[in-house]
Amino acid sequence: MNVFSVLTLLGGLAMFLFGMNTMGDGLVRVSGGRLDSILERLTSNRLKGVLLGTAVTAVIQSSSATTVMVIGFVNSGIMKLTQAVGVIMGANIGTTVTSWILSLTGIEGGGFFLTMLKPSSFSPILAVVGIVLYMSSKGKQTKKDVGSILLGFAVLMFGMETMSGAVEPLADNERFLSILTMFSNPLLGVLAGAALTAVLQSSSASIGILQALCVTGAIPYSAAIPIIMGQNIGTCVTALISAVGGGKNAKRAAMIHFYFNLIGTIVFMAFFYLVNAFVNFAFLGSAANAAGIAVVHSLFNIACCIAWFPFGNFLVKLASWTIPDQREAADRKPDALSVLDDRFLEKPGFAVKICMDTTVRMAELTEEALSCAISLLKDYSEEQETQIRQLEQKTENYEEALSEYLMKVSGRTLSLADSREVSIMLQCIRDFERMADHAASIGYSAADMYRNDIEITDHGMEELMVYSKAVKDVVAHTTLAFQNNNLTMAKQIEAFEEAIDEMSVELRQRHVDRLRAGRCSMEAGLILEDVITGFEHVLDHCSYIGACMVRVYSTDEAESADKIPEEERILFREDYRRIREKYVLPEKMNLDLPAKVPENTDMIETDHPAGVSGKKNASDTKKNSGKNKSGESDKSAKKKREDSKKLKKEKSDKKKMKSKTGKKDK
């Protein structure tokens, strides 16, 4: 074997590893996180865990990846240690599928059917189909992923054939034979298998290399069996490394994997060689082949699973004894956000899913904050005020954690659907956080009203409750549209916002009328203006979320510009009418309004005709040293009036830009 043969061997190994990696990545993208979601949910008992662990590993072709995923689940609290045991056992069985696929290289025979089963026969066909799909995808991510799977498999098989061809001349090399004879020593064989797998970070890859070497006919079963046993121990290195930096349960899950393989190997080796001492297995001296290695690999892992299945709780106790309880770091992330684990980044589809679940939870916190603010307006409670502050802080924490994690996810290779979801989430988490901020502002206004003994009339409060109920329902509608990626619901948000904006205009006008009739105070008017403005900001952010979804999911620009607008206008008007009919303000109070406002009376400027506060005039204001009942200066009141004018201008500008953002006027 010369230097060129060595280069051929290394090139074959490179193609083998690249093909395995490409095929695995393609399978993960096609699954889109669905397999991992099933794994997360359907592990209620150990048998289900074993079956699911086997299935997932067989599909993604990596027991290490499955185990790392399980460690992430355990670390995040999604999965319990007792559930993880079954999945880890199943992962060891699932990884044997790869060895059976690779064993096809050993098929012999001259018939057409047998010839077509050989990788050297069908791999070129898969490569051609794969490259056609890959190059003709034109933005269709699923088609491209299927092509990469076929190409990866073809490259893997070509690499296997190349390695086998490169080492075949070694069958007559005495030095090579003497090295392999060393591995007939069980201890050396186990160490060699463990070291090779630890370096490659894949038991499937190390098994494939062993199968390729078997074509020399120089590897007896007496050397192959210990190496296979060692490979099962070496594959634990990936999980152990992944657990570093995790919580105690993550470390325990990694130790369960390690103990399962280590103790299984020791018991199997002890039993096998003890029986061999009396029976003297004749096959140990014969040359191993690819199919025989697949059989040994499968029998060992299935036997370990059956033997350990009743003792799963013992493995949990052993791992808990190895990693004892200890106080968690004080600065550890909140449990609800610990699910954003960097281990899941290796499965981008699933990482996107958990980001979506976490964002939906953030939206629910926003809804809860708004509900507390509305309750606070009607009936003040110090506990609810505290709760609003806590919810506001939580949503801020969610935004920071999600922004950081989504940026990491966006750097991975994503399917088109996942890429869209990431884009929407990156834009919408800010809106959900700002909605919680405005809900908190409304709550603070309610608290100020209570502390300064400011009252809104019963009729005014009744109107405000109808208005706030409408806003609350729009927020719930927005959350549901976001959660379900429902484009139809997203398009309805704008009509809802327009209808409720008109309610706010009427609400302000009614309050102005009460001011002019002396039924309400200036201070109550300022509070009401703050509250209505806060609700309008909430509606604006709902509208931004809907517009973002429409923009990201609208792909046919030509059709959108030609046919759909008229249909959308009709739907817009229907949605607008429906929301106006559903939320109707109570009948107006009978007010005796003055024919003309006295010239010496101070007025509150709003977006609509100003009103005066009953009998309060300029002289009353001077007597109060330039301050209103709540202690607010005239300068502060002027600022509020300016803010109100600014809001009116912003809303006018937003309506003018609707045609540019896909929105339609009623």
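For every chain, the first residue of the written sequence is number 1, and numbering continues from 1 onward in sequence order. For a predicted model such as this one, the threshold for reporting local features is a pLDDT of at least 70, and the threshold for listing and counting side-chain atom pairs is 80 or more; totals across whole chains, interfaces and linings nevertheless cover every residue. Side-chain numbers here rest on the full set of heavy atoms in the structure, without hydrogens or water.

Undergrad: Help me understand the overall build of the protein chain in this model?
TA: Helix and strand content of the protein chain: 28 helices and two strands. It only takes one pair of heavy atoms within 4.5 Å for two residues to be counted as in contact. Nonlocal contacts in the protein chain, meaning residues at least 24 apart in sequence, comprise 81% of its contacts between residues at least 6 apart. Calculation of accessible area relied on Shrake-Rupley with a 1.4 Å probe; when residues are assessed, cover is drawn exclusively from the protein chains displayed. By element, 58% of the accessible surface of the protein chain is carried by carbon and sulfur atoms, the whole surface being about 31200 Å². Helix and strand assignments come from DSSP, with helices taken as H or I runs of at least 4 residues and strands as E runs of at least 2, each series counted from the N terminus.

Undergrad: Explain helix H16 (residues 290–308) here, please?
TA: The end-to-end C-alpha distance of H16, which contains 19 residues, comes to 27 Å, matching closely the 27 Å that a straight helix rising 1.5 Å per residue would cover. One side-chain oxygen of the residue at the start of H16 lies 3.3 Å from the amide nitrogen of Ala 291, identifying that residue as Asn 289. Helices are assigned an expected span. That span is 1.5 Å times one less than the residue count. Any pair of N or O atoms that falls within 3.5 Å is considered a polar contact. Within protein, one atom must be able to donate a hydrogen and the other to accept it, and sequence-neighbouring residues count only if both atoms are side-chain atoms.

Undergrad: Where do I start with the packing of aromatic side chains in this structure?
TA: The description of an aromatic ring pair rests on the distance of the ring centres and on the angle between the ring planes. Think of it this way: a Phe, Tyr or Trp ring, Trp meaning its six-membered ring, pairs with another when their centres are within 6.5 Å, and the plane angle makes it stacked under 30 degrees, edge-to-face over 60, tilted otherwise. The tally for this structure, following the rule as stated, stands at eleven aromatic pairs. Both rings, one in Phe 268 and one in Phe 300, keep their centres 5.2 Å apart while their planes meet at 80 degrees; by these two values the pair is edge-to-face. Of this pair, Phe 268 sits in helix H15 (residues 248–279) while Phe 300 sits in helix H16, and the two are 32 residues apart along the sequence. Both rings, one in Phe 281 and one in Phe 283, keep their centres 5.7 Å apart while their planes meet at 45 degrees; by these two values the pair is tilted. Only protein chains enter the accessibility calculation, which uses a 1.4 Å probe; a residue whose area is less than 20% of its type maximum is buried, one above 50% is exposed, and one in between is partly exposed. A residue is classified by how much of its surface remains accessible, and Phe 281, at 24% relative accessible area, is partly exposed. The exposure class of Phe 283 is partly exposed, given its relative accessible area of 36%. Every member of this aromatic cluster is reached through a ring pair, and the members are Tyr 221, Phe 268, Phe 272, Tyr 273, Phe 281, Phe 283 and Phe 300.

Undergrad: I tried to follow the environment of Glu 368 on my own but got confused; where do I start?
TA: In this fold, Glu 368 is placed in helix H18 (residues 348–378). Glu 368 sits in the partly exposed class, given a relative accessible area of 31%. For Glu 368 and Ala 439, which are 71 residues apart along the polypeptide, the C-alpha to C-alpha distance reads 9.4 Å. Residues within four places of Glu 368 in sequence aside, it is in contact with Gln 387 and Leu 391. Polar contacts involving the side chain of Glu 368 include one to the side chain of Gln 387, which spans 3.0 Å.

Undergrad: Would you take a moment to explain the packing of helix H5 (residues 81–94) against H15 for this structure?
TA: Think of two packed helices as two axes; the pair is described by the angle between the axes and how far apart they sit. Running from N to C, H5 and H15 cross one another at 40 degrees; their axes reach a closest spacing of 10 Å. It follows from the interaxial angle that H5 and H15 lie oblique. Here the hand of the crossing between H5 and H15 comes out right-handed. Seen from H5, the contacting residues are Leu 81, Val 85, Ile 88, Met 89 and Asn 92; seen from H15, they are Asn 249, Arg 252, Ala 253, Ile 256, His 257, Phe 260 and Asn 261. Tallied by class, residues from the contact of H5 with H15 come to seven nonpolar, four polar and one charged. With axes taken as lines fitted to C-alpha atoms, and helix axes fitted only over the stretch in contact, angles between N-to-C directions fall between 0 and 180 degrees. An angle below 35 degrees is treated as roughly parallel, one above 145 as roughly antiparallel, one from 65 to 115 as roughly perpendicular, and anything else as oblique. Definitions for this section: a left-handed crossing has its near helix turned counterclockwise from the far helix by less than a right angle. A right-handed crossing has that turn clockwise. Residues are sorted three ways: Asp, Glu, Lys and Arg are charged, Ala, Val, Leu, Ile, Met, Phe, Trp, Tyr, Cys and Pro are nonpolar, and all the rest, Gly among them, are polar.

Undergrad: When you look at the packing of helix H3 (residues 46–60) against H5 in this model, what are you seeing that I'm missing?
TA: In the contact formed by H3 and H5, the axes pass within 6 Å of each other and the chain directions differ by 40 degrees. Of the possible angle classes, the one that applies to H3 and H5 is oblique. The handedness of the crossing between H3 and H5 is right-handed. Across from Arg 46, Gly 49, Val 50, Gly 53, Thr 54, Thr 57 and Ala 58 in H3, the residues of H5 making contact are Thr 82, Val 85, Gly 86, Val 87, Met 89, Gly 90, Ala 91, Ile 93 and Gly 94. Counted by class, the contact of H3 with H5 contains seven nonpolar, eight polar and one charged residues.

Undergrad: Explain a nonpolar patch on the surface to me, please; I cannot follow it from the model alone.
TA: Every patch collects residues that have over 30% relative accessible area and no salt bridge, joining them within 9 Å if they carry like charges and within 5 Å if they are nonpolar side chains (Val, Leu, Ile, Met, Phe, Trp, Tyr). One speaks of a salt bridge when a side-chain nitrogen belonging to Lys or Arg is within 4 Å of a carboxyl oxygen belonging to Asp or Glu. Taken together, the side chains of Val 3, Phe 4, Val 6, Leu 7 and Leu 10 make up a nonpolar region of the molecular surface, amounting to roughly 500 Å² of accessible area. Checked against the element boundaries, Leu 10 lands in helix H1 (residues 3–31).

Undergrad: What's the story with the nonpolar core in this structure? I'm lost.
TA: One recurring pattern in soluble globular proteins is that nonpolar side chains are buried together. The biggest cluster of nonpolar side chains holds 136 residues, and the ones touching the most others in it are Tyr 405, Val 409, Leu 464, Tyr 467, Phe 482 and Phe 535. Sort the elements by how many residues they give to this core and H18 lands first, with 17 residues. Contact partners of Tyr 467, with chain neighbours within four places excluded, come to Ile 500, Met 503, Ser 504, Leu 507, Ile 532, Phe 535, Glu 536 and Leu 539. Within this scheme, the nonpolar core is defined by two criteria: the residues are buried Ala, Val, Leu, Ile, Met, Phe, Trp, Tyr or Cys, and they are joined through side-chain atoms within 4.5 Å. Phe 16, Phe 122, Phe 153 and Met 163 belong to the second largest nonpolar core, which has 15 residues in total.

Undergrad: So what exactly am I meant to see when it comes to the pattern of salt bridges here?
TA: Side chains carrying opposite charge are able to pair once their charged atoms draw close together. Applying the stated criterion across every chain, the model contains 15 salt bridges. A salt bridge links Arg 389 to Glu 385; the shortest N-O distance between them is 3.2 Å. Of this pair, Arg 389 and Glu 385 both sit in helix H19 (residues 382–410), four residues apart, which is roughly one turn of the helix. Given a relative accessible area of 44%, Arg 389 falls into the partly exposed group. Judged by its relative accessible area of 4%, Glu 385 falls in the buried class. Its salt-bridge partner being Arg 508, residue Glu 529 comes within 2.9 Å of it at the nearest N-O pair. Of this pair, Glu 529 sits in helix H23 (residues 522–553) while Arg 508 sits in helix H22 (residues 487–516), and the two are 21 residues apart along the sequence.

Undergrad: Sorry, what's going on with unusual backbone geometry here?
TA: Both trends apply: most residues other than glycine have a negative phi, and most peptide bonds are in trans. A positive phi angle, near 60 degrees, is found at Asn 280, a position not held by glycine. Accessibility expressed as a relative area gives 57% for Asn 280, which makes it exposed. The backbone of Asp 453 shows a phi angle near 55 degrees, a positive value even though the residue is not glycine. As for its placement among the helices and strands, Asp 453 is situated in the loop between helix H20 (416–451) and helix H21 (458–484).

So, to be careful, I would describe these as geometric facts and stop short of saying anything about function.
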